[in-house]
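Analysis of the macromolecular model
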Amino acid sequence: VLWECLVGRQLFDGSSEADLLSKVLLCKVPALAASGAAGPELQAVLDRALDREPERRYPTASEMANALGIALTIEELLP
């Protein structure tokens, strides 16, 4: 949902539920940098949150929130 809010469109779109599910399972998540919606720090947070392997994702919402806070602070400090 965060990716979609930042970019302003659905992450994946399909002509049917099967097509959409196939894209969710197989397609790579487009980088935010291509849309100009975020810098590398925020991209790293989203990459981890959207990782296909559950054990590589944030274990808790609190940890993701902390990472988001740090990424946004860093991006605000960059020129």
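Procedures and definitions
- Residues numbered from 1 in each chain as written.
- Predicted model: local features only at pLDDT ≥ 70, side-chain atom pairs only at ≥ 80, totals over all residues.
- Heavy atoms only, no water.
- Core = buried A, V, L, I, M, F, W, Y, C linked by side-chain atoms within 4.5 Å.
- Buried < 20%, exposed > 50% of the residue type's maximum accessible area, 1.4 Å probe, protein only.
- Helix = DSSP H or I, 4+ residues; strand = E, 2+ residues; numbered from the N terminus.
- 1 Å grid on protein atoms, 1.4 Å probe; cavity = no way out; pocket = protein on both sides within 12 Å on 5 of 7 lines; lining within 4 Å.
- Points joined across faces, edges and corners; volume = space filled by probe spheres on them.
- Nonpolar A, V, L, I, M, F, W, Y, C, P; charged D, E, K, R; others polar.
- Arc of directions from axis to C-beta.
- Phe/Tyr/Trp six-rings, centres within 6.5 Å; stacked < 30°, edge-to-face > 60°.
- Lys NZ or Arg CZ within 6 Å of the ring centre and 35° of its normal.
- Patch = residues over 30% accessible without salt bridge, like charges linked within 9 Å, V, L, I, M, F, W, Y side chains within 5 Å.
- Areas by Shrake-Rupley, 256 points an atom, 1.4 Å probe, with all protein chains shown as cover.
- Salt bridge = Lys/Arg side-chain N within 4 Å of Asp/Glu carboxyl O.
- Polar contact = N/O pair within 3.5 Å; in protein donor to acceptor, adjacent residues only side chain to side chain.
- Contact = heavy atoms within 4.5 Å.

1. Re the nonpolar core
Membership of the largest hydrophobic core comes to 13 residues, with the highest contact counts inside it found for Trp-3, Leu-32, Leu-42, Val-45, Leu-46 and Tyr-58. Those elements that place two or more of their residues in this core are helix H3 (40–49) and helix H4 (61–77). Residue contributions to this core peak at four residues, all from H3.

2. So, the layout of surface pockets
One number sums up the size of the largest pocket: a volume of about 180 Å³. The wall of the largest pocket is formed by Leu-26, Cys-27, Lys-28, Val-29, Pro-30, Ala-31, Gln-43, Asp-47, Leu-50, Asp-51 and Arg-52. Residue composition of the lining of the largest pocket, grouped by class: six nonpolar, one polar and four charged.

3. Structural notes on H3
Residues that lie three or four places apart on an α-helix share one face, since the helix turns once every 3.6 residues. Buried within H3 are the following residues: Leu-42, Gln-43, Val-45, Leu-46 and Ala-49. In an axial view of H3, the angular spread of the buried residues amounts to 160 degrees, which keeps them on one side of the axis.

4. A few points about the packing of aromatic side chains
Overall, the coordinates contain zero aromatic pairs when judged by the stated rule. The cationic tip of Arg-48 hangs over the ring face of Tyr-58; the distance from NZ or CZ to the ring centre is 4.2 Å.

5. Considering a nonpolar patch on the surface
Judged by side-chain polarity, Leu-20, Leu-21, Val-24, Leu-25 and Leu-26 come together as a nonpolar surface patch covering roughly 470 Å² of accessible area. By the secondary structure assignment, Leu-21 is in helix H2 (residues 17–26).

6. A word on the side chain of Asp-51
The residue Asp-51 is located in the loop between H3 and H4 in this model. A polar contact of 3.0 Å, which involves the side chain of Asp-51, links it to the side chain of Arg-56. Apart from the residues lying within four places of it in its own chain, the contact partners of Asp-51 are Arg-56 and Arg-57.

Any link to function would need more than the numbers given here.
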